[in-house]
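Summary of the model geometry
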Amino acid sequence: MTGAGTITLRERTGADAGRVHTLAPGRHVVGRDPAAAVCLRGPDVSRSHASVVVMADAVVVADLGSKNGVRWLRGGTAVRVGGPVRLGDAEVFEVGGIELEICHPGAQVEAALARVGETTVTRIEAAALPRSRPGAVAPLIATAVFAAVVVALLWTGG
């Protein structure tokens, strides 16, 4: 059983049709390798077949150089994924002949807001965040020193 905010991939076809894989935010490997986050049983699945990056509002799928590629099932047509492709809730992609359906509650909300023209949702992409900020500590220290001086003055009555 999965929770209301849980992001999952459900195997729609293949030897384990119906099996559900729960995914946390971040990058996951889909493949035949038992160490893969989403381990699939199928003769056409490569050991490290695809990459799935789970974000707050979507899933990005990319082929990892597999022999059979990754296909996005779009409008009844299978489109080969050349580079990373952004997919939302209830979208399906195929890895080695096994169809995987995305269940992404955040993408459901995003799609519902988009349908009514709502664009006030704000998010920060992880790639846009600075990795390190060397001078970010100085203002914090200055504020703490100032607060200590004020407390000392109030305490001594001066």
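The following refers to the structure shown. Computed from a predicted model, the values in this text were never measured in an experiment.

Our next topic: the sheet that holds strand S7 (residues 70-74). Reading across from one edge, S2-S1-S11-S10-S7-S8 is the order of the six strands in this open sheet, with antiparallel pairing throughout. The sheet is open, and its two borders are formed by strand S2 (20-23) and strand S8 (77-80), each paired with just one other strand. Shown here is a sheet whose adjacent strand axes are inclined to one another by a mean of 30°, direction ignored. Of the strand pairs in this sheet, S7 and S8 are connected by four bridges, and their pairing is antiparallel. When the bridges of S8 are listed, Leu73 appears paired with Ala78.

With that settled, consider the sheet that holds strand S9 (residues 85-87). Read across the open sheet, the five strands follow the order S4-S3-S5-S6-S9; overall the sheet is mixed. Every interior strand has two partners, whereas the edge strands, strand S4 (38-39) and S9, have only one. As paired elements, strand S3 (residues 26-31) and S4 share two bridges and run parallel to each other. For Val30, the partnering residue across the bridge sits in S4 and is Val38.

Note on soluble globular proteins: their nonpolar side chains tend to be buried together. Residues Val52 and Phe93 are the most contacted members of the largest nonpolar core, which totals 22 residues. Elements that contribute at least two residues to this core include exactly strand S1 (7-11), strand S5 (50-54), strand S6 (59-63), S7, S9, strand S10 (92-95) and strand S11 (98-103). Sequence-distant contacts of Val52, that is, excluding residues within four places in its chain, are made with Leu9, Leu23, Gly26, Arg27, His28, Val30, Val59, Val60, Val61 and Phe93.

On the secondary structure map, Glu11 appears in strand S1. Looking at Glu11, the relative accessible area reads 0%, which means it is buried. A polar side-chain atom of Glu11 sits 2.7 Å from a polar atom in the side chain of Arg19. Apart from residues lying up to four places away in sequence, Glu11 is in contact with Asp16, Ala17, Gly18, Arg19, His21, Cys39, Leu40, Ile98, Glu99 and Leu100.

In this section: the pairing of S5. Here is the key point about a regular strand: its side chains alternate between the two faces of the sheet. Of all five residues in S5, four are buried; the element is thus mostly enclosed. Here S5 folds back onto S6, and the loop between the two strands holds four residues.

This part takes up the side chain of Asp16. In this structure, Asp16 sits in the loop between S1 and S2. Each residue touching Asp16, except ones within four places of it in the same chain, is listed here: Glu11 and Arg41.

Below, the discussion takes up unusual backbone geometry. Positive phi outside glycine occurs at Ala90, with the angle close to 70°. As for its position among the elements, Ala90 is in the loop between S9 and S10.

Glancing now at the pattern of salt bridges. Under the defined criterion, the tally for this structure stands at seven salt bridges. Linking Arg10 and Glu101 is a salt bridge whose minimum nitrogen-to-oxygen distance equals 2.6 Å. Of the two residues, Arg10 sits in strand S1 while Glu101 sits in strand S11, which places them 91 residues apart along the sequence. Look at Arg10 and you get partly exposed, because its relative accessible area is 32%.

Time to look at the environment of Ile102. Following the sequence through the fold, Ile102 ends up in strand S11. Sequence separation between Ile102 and Val20 is 82 residues; the distance between their C-alpha atoms is 9.9 Å. Not counting residues up to four positions away in its chain, the partners in contact with Ile102 are Thr8, Leu9, Val59, Leu87, Gly88, Asp89, Ala90, Glu91 and Phe93.

The next thing to look at is a nonpolar patch on the surface. Taken together, Ile141, Val145, Val149 and Leu153 make up a surface patch of nonpolar side chains, about 350 Å² in accessible area. Within the secondary structure, Ile141 sits in helix H2 (residues 137-156).

Reading guide: rules and limits
Residues numbered from 1 in each chain as written. Predicted model: local features only at pLDDT ≥ 70, side-chain atom pairs only at ≥ 80, totals over all residues. Heavy atoms only, no water. Pairing = 2+ DSSP bridges. Helix = DSSP H or I, 4+ residues; strand = E, 2+ residues; numbered from the N terminus. Axes fitted to C-alpha atoms, helices over the stretch in contact; angles between N-to-C directions. Core = buried A, V, L, I, M, F, W, Y, C linked by side-chain atoms within 4.5 Å. Buried < 20%, exposed > 50% of the residue type's maximum accessible area, 1.4 Å probe, protein only. Contact = heavy atoms within 4.5 Å. Polar contact = N/O pair within 3.5 Å; in protein donor to acceptor, adjacent residues only side chain to side chain. Salt bridge = Lys/Arg side-chain N within 4 Å of Asp/Glu carboxyl O. Patch = residues over 30% accessible without salt bridge, like charges linked within 9 Å, V, L, I, M, F, W, Y side chains within 5 Å. Areas by Shrake-Rupley, 256 points an atom, 1.4 Å probe, with all protein chains shown as cover.

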